[in-house]
Amino acid sequence: MSASSPQSSKGSPSRLQALKAAKKAALKAGGGSPHGSPSSEIVRDPFEKALEAKSVIHGNTGLMVDGAMRLHRNPWDAEHIESPERLAVVEARIREWGLWDRCIMSPARLATPAEIERVHTAQHWAQLEALGQQSVESIRQTCQQQFQTIYMNEDSMRAARLAAGGFIDLVQAISQGRWQNGMALVRPPGHHAMKAEANGFCLLNTVAIAAQDALHRDPHKKILIVDFDVHHGQGTQQLFYEDPRVLFMSMHRYESGEFCPHLRESQFDYIGQLAGQGFNVNIPLNEKHLHDVDYLNIFHQIVLPLAYEFEPSLVLVSAGFDAALGCPEGEMCLTPPVFGHMVQSLMSLAYGNVAVLLEGGYFLESLADGAAFALKALLGDDPVRLGPMDPLNESVFESILNVISAHRDHWTMFPVQEEYNISDYDPSTSEDCHEPLILYRGDSYLEARALNMGKTEPEDCYAKHTPEKHAELMAQLTEIRKTYPNETLTSGGMDIKRVALTFDELMTRHSNLEEPNHPERPGRVLNIYKSHDKFGLLDRSNLTHLPSRRATAEEIFLCHDAAHYEAMSQIPEKTQDELESLAGSFDSIYMNPDTFDCALLSCGNLLNVVDAVMDGRAKKGVAIIRPPGHHAESDEPCGFCLFNNVAIAAKYAIEYQQAKRVLILDWDVHHGNGIQNMFYDNPNVLYISLHRFDNGTFFPSRMDANYDYCGENQGEGFNINIPWNGAGMGDPEYSLALFNIILPVGYEFNPDLVLISAGFDAAQGDPLGKCCVTPEMYGHFVHHLQRLAQGRVIVALEGGYNLNSIALSMTMCTKALLGDPLPPVSILKRPKTSAVESIRNVMRTHARYWDSLKFGLKKVPDSFEELKVQAYSSPTKKVTQQIPIDMSKSPHGAKFESLYIPSEYGHFSDCHTVNTISSSAHSSDGIQLVDSKRRPDGGDSLASNFLTTSLGNLQLDNSTSEATRTSPSRTDYYPFQFGNNNYSSPSVNTITKTVRTNSSCAVVDTTKKTDEPSS
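This section reports on the structure supplied with the text. (Residues numbered from 1 in each chain as written. Predicted model: local features only at pLDDT ≥ 70, side-chain atom pairs only at ≥ 80, totals over all residues. Heavy atoms only, no water.)

### Concerning the overall build of the chain
Threshold: The secondary structure listing takes helices from DSSP runs of H or I that are at least 4 residues long and strands from runs of E that are at least 2 residues long, numbered from the N terminus. Throughout, exposure labels follow a simple rule: accessible area from a 1.4 Å probe, protein chains only, divided by the maximum for the residue type, with under 20% read as buried, over 50% as exposed, and the rest as partly exposed. Contacts were defined at the residue level, with two residues in contact if any of their heavy atoms lie within 4.5 Å.
Per the secondary structure count, the chain includes 30 helices and 23 strands. Expressed as a percentage of its 1015 residues, the buried residues of the chain come to 67%. Considering only contacts within the chain whose residues lie at least 6 apart along the sequence, 82% involve residues at least 24 apart.

### Topic: helix 28 (residues 833-846)
How we decide: By this rule, a helix spans an expected 1.5 Å times one less than how many residues it contains.
End to end, helix 28 covers 20 Å across 14 residues, agreeing with the expected 20 Å (1.5 Å per residue, within 8%). For helix 28, the buried fraction is high: 10 of the 14 residues fall into the buried class. All of the buried residues along helix 28 are A835, V836, S838, I839, R840, N841, V842, M843, T845 and H846. Those residues of helix 28 hidden inside the fold are in contact with strand 9 (418-420), strand 15 (719-724) and helix 25 (731-749).

### Comments concerning the pairing of strand 1 (residues 61-64)
What counts is decided by this rule: Paired strands are those between which DSSP finds at least two bridges. The handedness rule is simple: strands pointing away from the viewer, and a clockwise path from the first strand over the helix to the second, make the crossover right-handed.
Across the two faces of strand 1 the burial is the same, with T61 and L63 and G62 and M64 all buried. As defined by bridge partners, strand 1 adjoins strand 3 (residues 181-184) across four bridges and the pair is classed as parallel. Residue pairing in the sheet places M64 in a bridge with A184 of strand 3. Judged from the two bridges that link them, strand 1 and strand 2 (residues 104-105) form a sheet pairing that is parallel. Each residue of the ladder has a partner; that of L63, found in strand 2, is M105. With respect to chirality, the unit in which strand 1 leads through helix 3 (residues 85-96) into the neighbouring parallel strand 2 is right-handed.

### Quick word on the packing of aromatic side chains
Stated precisely, the cut-off is as follows: Put simply, two rings from Phe, Tyr or Trp (the six-membered ring, in Trp's case) pair if the centres are within 6.5 Å, and we call them stacked under 30 degrees between planes, edge-to-face over 60, tilted for the rest.
Per the stated rule, a full pass over the model turns up 28 aromatic pairs. On the basis of an interplanar angle of 25° and a centroid distance of 6.2 Å, the ring pair of Y565 and F643 is categorised as stacked. Here Y565 is found in helix 20 (residues 562-569), whereas its partner F643 is found in the loop between strand 12 (620-623) and helix 23 (645-656), with 78 residues between them in sequence. Grouping residues by exposure puts Y565 and F643 together as buried.

### Quick notes on unusual backbone geometry
The amide bond that connects C260 to the next residue, P261, takes the cis arrangement and shows omega of 10°. Relative to the helices and strands, P261 is located in the loop between strand 5 (246-253) and strand 6 (280-285). If you check the backbone angles, Q790 has positive phi at about 60° while not being a glycine.

### Some words on the environment of P189
Among the secondary structure elements, P189 is positioned in the loop between strand 3 and helix 8 (206-217). Residues P189 and T206, 17 residues apart in the sequence, show an inter-C-alpha distance of 7.5 Å. Excluding residues within four positions of it along the chain, P189 makes contact with E82, F201, C202, L203, L204, E359 and Y362.

### Brief notes about the pairing of strand 8 (residues 354-358)
The buried fraction of strand 8 is high, at five of five residues. Of the two faces of strand 8, the one carrying V354, V356 and L358 and the one carrying A355 and L357 are both buried. When strand 3 meets strand 8, the two strands line up parallel, connected through three bridges. Opposite G182, over in strand 8, you have A355 as the bridge partner. Note that strand 7 (residues 314-319) and strand 8 share five bridges and pair parallel. By the bridge assignment for strand 8, L316 is matched with A355. Crossover strand 7 to strand 8 through helix 11 (residues 337-346) is right-handed.

### What to know about the packing of helix 3 against helix 12 (residues 364-379)
Using the following cut-off: Axis lines are fitted through C-alpha atoms, for helices just across the contact stretch, and the angle between N-to-C directions can take any value from 0 to 180 degrees. In this scheme, roughly parallel covers angles under 35 degrees and roughly antiparallel covers those over 145, while 65 to 115 is roughly perpendicular and the rest are oblique. Left-handed is the label given to a crossing in which the near helix is rotated counterclockwise from the far helix by less than a right angle, and right-handed is the label when the rotation is clockwise. Each residue receives one of three labels: charged for Asp, Glu, Lys and Arg, nonpolar for Ala, Val, Leu, Ile, Met, Phe, Trp, Tyr, Cys and Pro, and polar for the others, Gly being one of them.
Following both chains from N to C, one finds helix 3 and helix 12 inclined at 50°, their axes separated by 8 Å at the closest point. Considered as vectors, helix 3 and helix 12 are oriented oblique to each other. Crossing angle aside, the handedness with which helix 3 passes helix 12 is right-handed. Of helix 12, the residues touching helix 3 (which contributes E85, R86, V89, V90, R93 and I94) are L364, E365, L367, A368, D369, A371, A372 and L375. Of the residues contributing to the contact of helix 3 with helix 12, the split by class is nine nonpolar, no polar and five charged.

### As for the side chain of T508
The cut-off we apply is this: Between N or O atoms, a polar contact is any pair within 3.5 Å; within protein, one atom must be a potential hydrogen donor and the other a potential acceptor, and residues adjacent in sequence are included only when both atoms are from side chains.
With respect to the element layout, T508 can be found in the loop between strand 10 (499-502) and helix 18 (523-534). Within the local environment of T508, its side chain forms a polar contact with the backbone oxygen of E505, the two atoms lying 2.6 Å apart. Dropping the residues within four chain positions of it, T508 is found in contact with P522, V525, L526 and R626.

### Focus: the sheet that holds strand 11 (residues 543-545)
One open sheet accounts for eight strands, arranged 11-10-12-17-16-13-14-15; its pairing is parallel. Pairing within the sheet leaves two strands with one partner each, and these edge strands are strand 11 and strand 15. Strand-to-strand twist of the sheet, defined as the mean angle between neighbouring strand axes without regard to direction, takes the value 15°. Relative to strand 17 (residues 793-797), strand 12 runs parallel, the two sharing three bridges. In the strand pairing of strand 17, V622 is matched with V795. Contacting strand 10, strand 11, strand 12 and strand 17, helix 27 (residues 803-818) runs over the sheet at an angle of about 165° to strand 12.

### Let's talk about the nonpolar core
Keep this limit in mind: Throughout, nonpolar core names a set of buried Ala, Val, Leu, Ile, Met, Phe, Trp, Tyr and Cys residues whose side chains join them through atoms within 4.5 Å.
With 224 residues, the main nonpolar core has F167, L316, W667, I722 and I742 as its most contacted residues. Setting aside residues no more than four positions away along its own chain, L316 makes contact with F167, V171, V207, A211, I223, L224, I225, V226 and A355. Grouped together as the second largest cluster of nonpolar side chains are 51 residues, L579, A618, L755 and A796 included.

### Considering the packing of helix 10 (residues 292-310) against helix 13 (residues 394-407)
Their axes nearest at 10 Å, the elements helix 10 and helix 13 cross at an angle of 20°. If you check the angle between helix 10 and helix 13, you find them roughly parallel. Of the two elements, helix 10 crosses helix 13, and the hand of that crossing is right-handed. Mapping the contact onto sequence places D294, N297, I298, Q301 and I302 in helix 10 and V396, I400 and V403 in helix 13. Here the contact of helix 10 with helix 13 is built from residues that sort into five nonpolar, two polar and one charged.

### Things to note about helix 3
Look at helix 3: 16 Å from first C-alpha to last across 12 residues, which is about the 16 Å you get at 1.5 Å a residue. Three or more residues of helix 3 are buried, namely R86, L87, V89, V90, E91, R93 and I94. On its buried face, helix 3 is in contact with strand 8, helix 12 and helix 16 (467-481). Trailing helix 3 by a residue or two, G98 shows a phi angle of about 75°, which is positive.

### Quick look at a negative patch on the surface
Here is the rule: Patch construction takes residues with relative accessible area above 30% that form no salt bridge. Like charges are linked within 9 Å, and nonpolar side chains (Val, Leu, Ile, Met, Phe, Trp, Tyr) are linked within 5 Å. Surface accessibility in these figures is a Shrake-Rupley result with a 1.4 Å probe; residues are shielded only by whichever protein chains are displayed. Any carboxyl oxygen of Asp or Glu that lies within 4 Å of a side-chain nitrogen of Lys or Arg is treated as forming a salt bridge with it. Only four residue types enter the tally: Lys and Arg on the positive side, Asp and Glu on the negative side; His and the chain ends are excluded. In this description, the location of a charge corresponds to atom NZ of lysine, CZ of arginine, CG of aspartate or CD of glutamate.
On the surface, a cluster of negative charge is made up of E514, E515, D577 and E578. Considering the arrangement of structural elements, one finds E578 in helix 21 (residues 576-584). For E578, a relative accessible area of 43% corresponds to the partly exposed category.

This is how it looks when you write it as structure tokens:
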């Protein structure tokens, strides 16, 4: 296994052709692009996915538990942290919170030899079976001498086989649609187990066995494996390192290799190889004591964007809870509820087909709570509110940028950071440039471990707390538990009144008598309501219908002048001619005698939903109302809007329902000028608007809709405009805004209520917006926003003028609120350049207010392409600057070549998501960077850390030492205790890298002749 398998430009043609053939075969086997493009069947109806979701509702959750797995225990260390009590406390918590009876029990069974041998060698599992039947002393000696941190007894292999067989059946039941999702409470854990060796408490790799079984049943399936155990799941990585059907993502404590398992391959530049290049994503964490905010940013910046682009058909979660507060192994500070947030976010994928597998976690109380919150997410319960966020850890910020640098050539959803030319980089002047730093210090730990083989004393195998430390951590957890709402732990799920819906047909009386086909016409709400009925939503047991009411004058006065209300109240008294004259004095307004009453009904119905949600009679709400409101100013109507419904609702929630902070997300294609002006100096309302701006020429054609209007006085930073400068914006652009701005800022703001000004005029086919957001994308927005504010989210209709698209779009939003699985969003092309620039502008402008937006301030390297060209064009040319080498990228890079886009893509043939990596043949030549600056004490500088990589024929020459040695190839990459000589590791080149020194380097291609033309 190599980091990124860089190739030589002089590789043999046959090798190059073989790699291209492998890539094309992978594309064909995966039903199209392995990065999530559609199959060969061309989707002709743009609403096909939404229509097919009509009968898809939230299904059952399977739970796999078997008491026989508790028989696996350490016979010579009764205090071992991987103990049977781990399962006991999780089961007890699940029962205590009333979750057990809400699940369908999934029986465990022994995995068959054939199932095991799809992942492990026959010799491996047969050896373990035989070992378990020996005496305790014999088992102990074998485990000491042959394995690392492994124990066994006579029941261990039975437990491991029950875990694997039971998880296979759980995954199969989910894949076949019998269950929506499921959780397997198993032990021993599995993600460290490799093809031919047990390792790190793990005997069989349960998640890999289940994944291979799923691929065996359906070779076209695409599987996402997310591993948030605090230790790197190197076993899972190795088993799928060349397979583009499996996207493996691991976030793990690394500390430059100083944290177990101390492997070089756990670093971010190990991205997969051959057809699997780009499908292995390591997020190494180089500090302990990380918090919720750090993991949430990892999900928003990396996990979710890549997962959406990959578009899996199945999600498997290696759920280790050893990053939770109190775990002596992880030493992290994640609160138990955040695991529910992570699982809930993954349920937006693969129609919610998610299987969660217990891995690690050794602080029993936080383990129990974390696992229970993960199960609650699977059952459809809203995640517990996390509270105020800590600042993002700087090392996590660096790690995220490292991963983006390593993978941006392979995926389209990493365009936010600008690039800098690596050959022009000057660290003394380029403060906004991120240097991907690859640092490995694990060799000494592996050497020490090898010397200590034969010892299995507790202090050599795992960490434990002193009684005093345990008591201190329990006190911290007790404080966190006080934030768990009582109703969250004793109720919830799909049987209560989850959604409050309001609609009154009287609102259809507001119409344009002169222009019956005016875009803002009565058929808008009628079609939406009929669509809800057609989809069976109105009769759902967990949806309640609220009575209609009119807003009072006092409520209107929350946001509007008395003079404005008085003027509108005169509408019923006027003739139609007088009304037309009055409407003509405003911007884009029409009136009839019923307009005022309809406007009061529109606002009053929304306030009814606010009351129901804030009173606890429902968890969330939908208001199918008109006329819309977000353009209405405090003193006059504007843009089809008389009273500003959502603004009044926000003020009402604060004044009458004790809400302290309200988030308003306005995704109407037009800027909500009225809402912005009403809260421009108010820090209690965060207003985020996604809209067409077109440099100030798109309605309402005001320059204050631009990104640099941020609020004023105390409200500075609480007004975020995301302006699109052009038509055609769709799912790629909106998902970019969701993951990079809306969700990160939403978590930082920590609202009590989320109000959505839901205009659907950016939807496909809208005659005014001329954008192409799909109905399912709107549903996904709502799904993710429910992670905020304890799930209190209200969707209120604004604009949208294509009757089909608005009906399906709002229906998808209601289905999301009801907890139904959503159709996948297909990211078929790169985000538009102008949209990327808008996102960058917003992040640069607001980074001073919101810590999570600082990712937009940094530039990342453009790749090794220019460095390679420079070297080849002049073999003796010296580079005068220090060059930060990003070892994660091949010098040949990843190219998207239309030649390799399958012809069946038809009109999607310009799709950039197809991963058509062109790779040259492997080279056995290596490079060496020589650090001429030694420490005064004669010791090695930071540069003495070894890196395992290959860079074709490039060789770097120090400016003060014309060293041309090629580093030796080493075959002992995997320490024997990890590979046991059964895993065939490839020969890899080892180089010494100069890290952050002032010495200059030269790039020299020693294989080229001076008269040879550059490649």
